[in-house]
Amino acid sequence: MSIWLGIDIGTTAVKAAVIRTAYRKVQLVGLGSVDVAQAGALDAAIAQAAHLALGALGSADAIAASVEGVRATVRTIGLPESAHKQIDEVLPFELESALPFDLSEAVFDYRVLPSLKETKGEELSVLVGVAKTADVISRIELVKGAMQMEPERIGLGAFPIANMLPFLPVLADGVVAVVDIGTVSSDVLIMNNGEPVFARTVGVGTKGLPGTAAKLARELRTTIASHRAQGGEVHGRILLCGGGAYVSGAEAFLSTALEAPVEVLGLPAMETPGLLPESTAMPGRFAKAIGLALGLGPRSMGLNLRKGPLAFERGFAWIKEKIPLLAGIAAVIVVSFLFSAWSQLYARSKEKAVLESALATVTKEVLGEETSDPAHASELLSMQTAINDEDPLPHADAFDVMVKLSELIPSSMTHDIEELDIQKQHVVVHGIVDSIPDAQAIQAAVAAERCFSDSKITRTTAQVGGTSQKYQLEFDIKCPEDVKGGAKKSASAAPAASPAASVPEGK
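Here the structure is a predicted model, which means the values were calculated and not measured.

Conventions and cut-offs
- Residues numbered from 1 in each chain as written.
- Predicted model: local features only at pLDDT ≥ 70, side-chain atom pairs only at ≥ 80, totals over all residues.
- Heavy atoms only, no water.
- Helix = DSSP H or I, 4+ residues; strand = E, 2+ residues; numbered from the N terminus.
- Buried < 20%, exposed > 50% of the residue type's maximum accessible area, 1.4 Å probe, protein only.
- Contact = heavy atoms within 4.5 Å.
- Areas by Shrake-Rupley, 256 points an atom, 1.4 Å probe, with all protein chains shown as cover.
- Pairing = 2+ DSSP bridges.
- Axes fitted to C-alpha atoms, helices over the stretch in contact; angles between N-to-C directions.
- Patch = residues over 30% accessible without salt bridge, like charges linked within 9 Å, V, L, I, M, F, W, Y side chains within 5 Å.
- Salt bridge = Lys/Arg side-chain N within 4 Å of Asp/Glu carboxyl O.
- Arc of directions from axis to C-beta.
- Core = buried A, V, L, I, M, F, W, Y, C linked by side-chain atoms within 4.5 Å.
- Phe/Tyr/Trp six-rings, centres within 6.5 Å; stacked < 30°, edge-to-face > 60°.
- Parallel < 35°, antiparallel > 145°, perpendicular 65-115°, else oblique.
- Left-handed = near helix turned anticlockwise from the far one by under 90°.
- Polar contact = N/O pair within 3.5 Å; in protein donor to acceptor, adjacent residues only side chain to side chain.

(A) Structural detail: the overall build of the chain. A tally of regular secondary structure across the chain gives twelve helices and 17 strands. For the chain, buried positions account for 41% of its 507 residues. Pairs at least 24 residues apart make up 63% of the contacts formed inside the chain by residues separated by at least 6 positions. Accessible area for the chain stands at about 26,900 Å²; split by element, carbon and sulfur atoms hold 55% of it.

Right, here's the structure in full:
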């Protein structure tokens, strides 16, 4: 929220208006007027008018004031279209010859008009307001001394009234002439479809009325004619504001003299919480003050003479005033961050609980033991799936089998081995013995051996042309050391091989 204060410093009275802005909301919250004669001094009148307008708000975030039109000059300068991007550099050269004083002693601001000029090859129309630097500094110091705060903007003449355009649709109704009637002078601003296109100050005000009424009407006619002579369109209506707008009979007299409808500028269409009816009885009197306050917004339509060396810079005092607001914003950010962090941690903890519950269910069904600890579940899985690397060198190989068979066959038995086949630790022996009981004795001896298992005689046949018996003996080689997780093969684990062991033919 921002509080903007506009101060209209006149010859006989000071008017102040306070605008309060929030998100997409603009409110007129205070109006104040003090006669300079009653206050005793101009700075005292400024302070009192601001105090009346601010009321309970106490202070403003920004202040705007203006210099009188008689202390400045407004010119329309024609420039080539090619100079559009270098207006700041080109304008000083164009103004040098058009001003009665040295440009180094002045400050200026400008607006590029939407219309194009057709004469002398000029295409851009630039409306420029110029004032002496000393006059602008004097106005800044006056407000600073009264308010203990520098004004952020210094307007010019009746230009600040254009800032009320969003809240006064009548200002955008074709060509209108706004006349701010003061005590000793009057400022005229002509707007075309909401754009200020012409401005002039006449040296006649309410002082001397009704005797000076004809002179005031003549000056206004001359001003309007000057606008038309520069290619301006005919105005549709005249809007009066300022203290002189409420002089008895002013509307009727000027309407007849200028041959155009004349009306007093009304109250802008915005919220006015807390304003007393008597404060808004003469809204046109505060038009310039309201326009100055609205000019502190981001879309000002007036001119600002705080340019160049007089440009406004916010100092440490302004930052110090904003410390409570900045601290509040920082606190909101910190609280928001902490809430966001807590929300994320809470969501992750809930997710962790769900995952642990699912892990406990799966481990119970698959591994036979319920656990929600991922490390322990990994251990259980490793125990069930781990397979020790088998030693590529078995505890008993083919040579060991031959030696062991030679030891198991009694020396008194006649035995021949026709074929010994070992594949994947499965042994098939094709042998010849004298009788089937001899084959069965060999099978029993093999079955008793610790590294041989599942021994059986799968076939016996009589030898053709003889009395011997052929048999087929099958068994597996599997020593206890070969079982998963068993000890690795050692030199003493293998069956002892007799150096002279053999399976002699005919044994």
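From this point, the discussion proceeds with the structure in view.
(B) Seen up close, the sheet that holds strand 8 (residues 153–156). The sheet built from five strands is open, its strands ordered 3-2-1-4-8 with mixed pairing. Two strands in the sheet have a free side with no partner beyond their single neighbour: strand 3 (25–35) and strand 8. With strand direction ignored, the average angle separating the axes of adjacent strands in the sheet is 20 degrees. Alignment of strand 1 (residues 2–9) against strand 4 (residues 62–67), held across three bridges, turns out to be parallel. Among the inter-strand pairings, Trp 4 is bridged to a residue of strand 4, identified as Ala 62. The strands that helix 2 (residues 42–54) touches are strand 1, strand 2 (13–22) and strand 3; relative to strand 3, the one it contacts most, it runs at about 140 degrees. Of the strands in this sheet, strand 1, strand 2, strand 3, strand 4 and strand 8 touch helix 7 (residues 287–294), which is tilted by about 140 degrees from strand 1.

(C) The pairing of strand 16 (residues 452–462), seen in detail. One ladder, built from eight bridges, connects strand 16 with strand 17 (residues 469–477); its direction is antiparallel. By the bridge assignment for strand 17, Arg 459 is matched with Gln 472.

(D) A look at the sheet that holds strand 11 (residues 195–202). Strand order in the open sheet formed by five strands is 11-10-9-12-13, and the pairing between neighbours is mixed. Each edge of the sheet is formed by a strand with only one pairing partner; in this case those strands are strand 11 and strand 13 (262–264). Between one strand axis and the next, the sheet turns through 25 degrees on average, direction left out of account. Examined bridge by bridge, strand 9 (residues 175–181) and strand 12 (residues 237–241) share five bridges and lie parallel to one another. Following the sheet pairing, Val 178 is matched in strand 12 by Leu 239. Where helix 5 (residues 213–229) meets the sheet, it contacts strand 9, strand 10 (186–192), strand 11 and strand 12, and its direction lies at approximately 140 degrees from that of strand 11. The sheet contacts of helix 6 (residues 250–258) involve strand 9, strand 12 and strand 13, and relative to strand 13 the element is tilted by about 150 degrees.

(E) Here's a closer look at a nonpolar patch on the surface. Together, Leu 325, Leu 326, Ile 329 and Ile 333 make up a nonpolar patch on the protein surface, roughly 380 Å² of accessible area in all. Within the secondary structure layout, Ile 333 lies in helix 9 (residues 323–366).

(F) Region of interest: helix 3 (residues 87–96). For helix 3, the full list of buried residues reads Ile 87, Leu 91 and Leu 95. Buried residues of helix 3 fall within an arc of 60 degrees about the axis and therefore sit on the same side.

(G) View of the nonpolar core. Counting residues in each nonpolar core, the largest one holds 93 residues, and the members touching the most others are Leu 5, Leu 171 and Leu 265. In contact with Leu 265, not counting residues within four places along its chain, are Ile 161, Met 164, Leu 168, Val 170, Leu 171, Leu 239, Leu 240, Cys 241, Tyr 246, Pro 283, Gly 284 and Ala 287. Among the nonpolar cores identified, the runner-up in size contains 18 residues, and Val 427, Phe 452, Leu 473 and Ile 477 belong to it.

(H) Structural context of helix 6. Residues Ala 250, Leu 254, Ala 257 and Leu 258 constitute the buried set of helix 6. Angularly, the buried residues of helix 6 cover 85 degrees about the axis, an arc narrow enough to put them on a single face. Exposed positions of helix 6 whose direction lies more than 90 degrees from the buried face are Ala 252 and Thr 256. Buried residues along helix 6 sit against strand 9, helix 5, strand 12 and strand 13. Phi turns positive one or two residues past the end of helix 6, at Glu 259, with a value near 55 degrees.

(I) Here's a closer look at the pairing of strand 14 (residues 415–423). Taken together, the eight bridges between strand 14 and strand 15 (residues 426–433) define a ladder with antiparallel strand orientation. Bridging from a neighbouring strand, Asp 421 pairs with Val 428 of strand 15. Linking strand 14 to strand 15, which pair antiparallel, is a turn of two residues; within it Lys 424 sits at a positive phi near 55 degrees.

(J) Quick look at the packing of aromatic side chains. Under the criterion given, the structure shown has three aromatic pairs. With centroids separated by 5.5 Å and ring planes inclined at 15 degrees, the aromatic side chains of Trp 342 and Tyr 346 adopt a geometry described as stacked. Of this pair, Trp 342 and Tyr 346 are both found in helix 9, four residues apart, which corresponds to roughly one turn of the helix. Ring-pair connections join several aromatic residues into one group, and the members of that group are Phe 339, Trp 342 and Tyr 346.

(K) Representation of the packing of helix 5 against helix 6. Relative orientation of the contacting elements helix 5 and helix 6 amounts to 50 degrees, with a least axis distance of 10 Å. When the axis of helix 5 is compared with that of helix 6, the two are oblique. Relative to helix 6, the crossing made by helix 5 is right-handed. In contact with Ala 213, Ala 214, Ala 217, Leu 220 and Arg 221 of helix 5, helix 6 contributes Phe 253, Leu 254, Ala 257 and Leu 258.

(L) Molecular detail of the side chain of Ser 66. Residue position: Ser 66 is located in strand 4. In this structure the side chain of Ser 66 is engaged in a polar contact, spanning 3.5 Å, whose partner is the side chain of Lys 288. Not counting residues up to four positions away in its chain, the partners in contact with Ser 66 are Ile 7, Arg 139, Ile 154, Gly 155, Leu 156, Lys 288 and Leu 292.

(M) Highlighting the pattern of salt bridges. The tally for this structure, following the rule as stated, stands at twelve salt bridges. The shortest N-O distance in the salt bridge between Arg 71 and Asp 135 comes to 3.5 Å. With Arg 71 in the loop between strand 4 and strand 5 (72–79) and Asp 135 in helix 4 (residues 133–147), the pair connects residues that are 64 residues apart, well separated along the chain. A salt bridge links Arg 237 to Glu 263; the shortest N-O distance between them is 3.0 Å. Highlighted residues: Arg 237 in strand 12 and Glu 263 in strand 13, separated in sequence by 26 residues. Exposure remark for Arg 237: the relative accessible area of 23% places this residue in the partly exposed category. For Glu 263, a relative accessible area of 31% puts it in the partly exposed group.

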